Amino acid sequence: MPREQAYYWPIWLIESLRPNCQNQQKTFCQTQSVLWQALNIYDDIIDGDNPRADLMRANNNFRKFLKVLYTSNLPVYFIDQADNIINTWEKINRQEWQSAKLLIKNGGIKIPQHLPSAETYNLGYKKSLLLAIMPIISALKLNLISSRRELKIAFNFFKYALAAKQLADDASDWLVDLENGILNPVNLLVLKAAKNKKIKLNLKTKPEIAYLLFANNAGPQTAKNILNLCKKAEKEALKLGIKNTMPLTKFLIQPLSKSAQKVLNFQNLL
């Protein structure tokens with residue numbers, strides 16, 4: 001069974017900071033993998049995507065992550081930051097769980113009079129910044145990151161990278177989420193465009209209208225946002241001496257920026 005990409009993030013960070021490093025920190029990679037699985041199960045439960053989502057498995061995996069985090073003899077300031085990230089993740093998930101869904105009847109979407117601002121929904125990294133913890137621990141344990149300044153830069157890199165990745169995921173799920181009454185930063189742009197143009201949306205009788213609003217408005221704007229986040233991530237990586245040819249940016253950032261650029265190139269052909 002192939003491993004998910006996130007498994008390799010600790011390796012990519014280490015090899016980017018110290019090329020040809022032989023210590024691959026498999027414990028942190030394995031913990032990264034079980035954390036990834038836990039977060040995906042929690043997302044399925046919150047979104048209602050999978051009624052058979054295994055909560056006990058998610059909890060078990062999350063405990064494994066916490067055990068490694070709190071028994072790895074890490075600096076207190078790092079543990080404090082990790083605790084803040086976990087607390088924020090819990091708060092964001094609770095808000096998402098309690099948020100009202102869109103009212104949809106016979107395919108017709110009732111657009112709320114007051115839609116949330118785009119900024120409210122562009123904080124996707126807060127749901128996934130936990131995935132930065134294991135890669136950074138692996139670098140800390142090898143003294144490849146050794147100061148609070150470098151730690152801040154590393155977290156900033158992952159903040160931008162994970163925000164870009166979350167936006168790309170939301171772009172893939174914009175219609176499924178919309179059909180389920182779930183707002184995400186991409187279908188929010190579709191709803192805003194429809195509201196500004198005074199267009200009624202019905203996903204049953206006239207789904208092509210939503211597709212056109214996505215193609216002409218939400219898709220290109222999201223692609224631009226992803227490119228901007230990727231550039232910010234690359235800028236932070238350079239502060240740590242990580243060039244675009246290194247594994248971390250080559251495998252994590254460049255696929256996102258290339259896909260976003262393809263969207264904009266396609267729009268220019270229309």
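Structure's up top.
Since the structure is predicted, the reported quantities are computational estimates derived from the model, not experimental observations. (Residues numbered from 1 in each chain as written. Predicted model: local features only at pLDDT ≥ 70, side-chain atom pairs only at ≥ 80, totals over all residues. Heavy atoms only, no water.)

A. Quick look at the packing of helix H4 (residues 76-98) against helix H7 (residues 148-179). Between H4 and H7, the least distance of the axes is 11 Å, while the angle of their chain directions is 25°. Classified by the angle between their axes, H4 and H7 sit roughly parallel to one another. Where H4 crosses over H7, the handedness of that crossing is right-handed. Residue-level inspection shows Tyr-77, Phe-78, Gln-81 and Ile-85 of H4 in contact with H7, the latter providing Arg-148, Leu-151 and Phe-155. Considering only residue class, the contact of H4 with H7 consists of 5 nonpolar, 1 polar and 1 charged. (Axes fitted to C-alpha atoms, helices over the stretch in contact; angles between N-to-C directions. Helix = DSSP H or I, 4+ residues; strand = E, 2+ residues; numbered from the N terminus. Parallel < 35°, antiparallel > 145°, perpendicular 65-115°, else oblique. Left-handed = near helix turned anticlockwise from the far one by under 90°. Contact = heavy atoms within 4.5 Å. Nonpolar A, V, L, I, M, F, W, Y, C, P; charged D, E, K, R; others polar.)

B. Fine view of unusual backbone geometry. Phi is positive for Asn-106, close to 55°, though the residue is something other than glycine. Among the secondary structure elements, Asn-106 is positioned in the loop between strand E1 (103-105) and strand E2 (108-110). Its identity is not glycine, yet Lys-198 carries a phi of approximately 55°, on the positive side.

C. Quick look at the side chain of Ser-138. Mapped onto the fold, Ser-138 is located in helix H6 (residues 133-141). On the basis of relative accessible area, Ser-138 is assigned to the buried category, the value being 0%. Polar contacts involving the side chain of Ser-138 include one to the main-chain carbonyl oxygen of Pro-135, which spans 2.5 Å. In contact with Ser-138, not counting residues within four places along its chain, are Pro-10, Ile-14, Gln-25 and Phe-28. (Buried < 20%, exposed > 50% of the residue type's maximum accessible area, 1.4 Å probe, protein only. Polar contact = N/O pair within 3.5 Å; in protein donor to acceptor, adjacent residues only side chain to side chain.)

D. Looking closely at the sheet that holds E1. The 3 strands are arranged E1-E2-E3 in an open sheet whose pairing can be described as antiparallel. With partners counted over all chains shown, the strands left at the sheet margins are E1 and strand E3 (201-202), one partner each. Of the pairings in the sheet, the one linking E1 to E2 comprises 3 bridges and is antiparallel in character. When the sheet's bridge partners are listed, Ile-104 is paired in E2 with Ile-109. (Pairing = 2+ DSSP bridges.)

E. Structural context of the pattern of salt bridges. Scanning the model with the defined rule gives 4 salt bridges in all. The salt bridge involving Asp-43 is made with Lys-127; its shortest N-O contact spans 3.6 Å. Of the two residues, Asp-43 sits in helix H2 (residues 26-47) while Lys-127 sits in helix H5 (residues 125-128), which places them 84 residues apart along the sequence. On the accessibility criterion, Asp-43 (25% relative accessible area) is partly exposed. Overall, the relative accessible area of 16% leaves Lys-127 in the buried class. A salt bridge links Glu-96 to Lys-127, with the shortest nitrogen-to-oxygen separation between them at 3.0 Å. Of the two residues, Glu-96 is situated in helix H4 and Lys-127 in helix H5; the sequence distance between them amounts to 31 residues. On the basis of relative accessible area, Glu-96 is assigned to the partly exposed category, the value being 23%. (Salt bridge = Lys/Arg side-chain N within 4 Å of Asp/Glu carboxyl O.)

F. Main features of the side chain of Ser-16. Mapped onto the secondary structure, Ser-16 falls in helix H1 (residues 9-17). Separated by 2.9 Å, the side chain of Ser-16 and the backbone nitrogen of Leu-248 make a polar contact. In contact with Ser-16, not counting residues within four places along its chain, are Ile-242, Met-246, Pro-247 and Leu-248.

Spatial relationships are all this shows, so hold off on functional conclusions.
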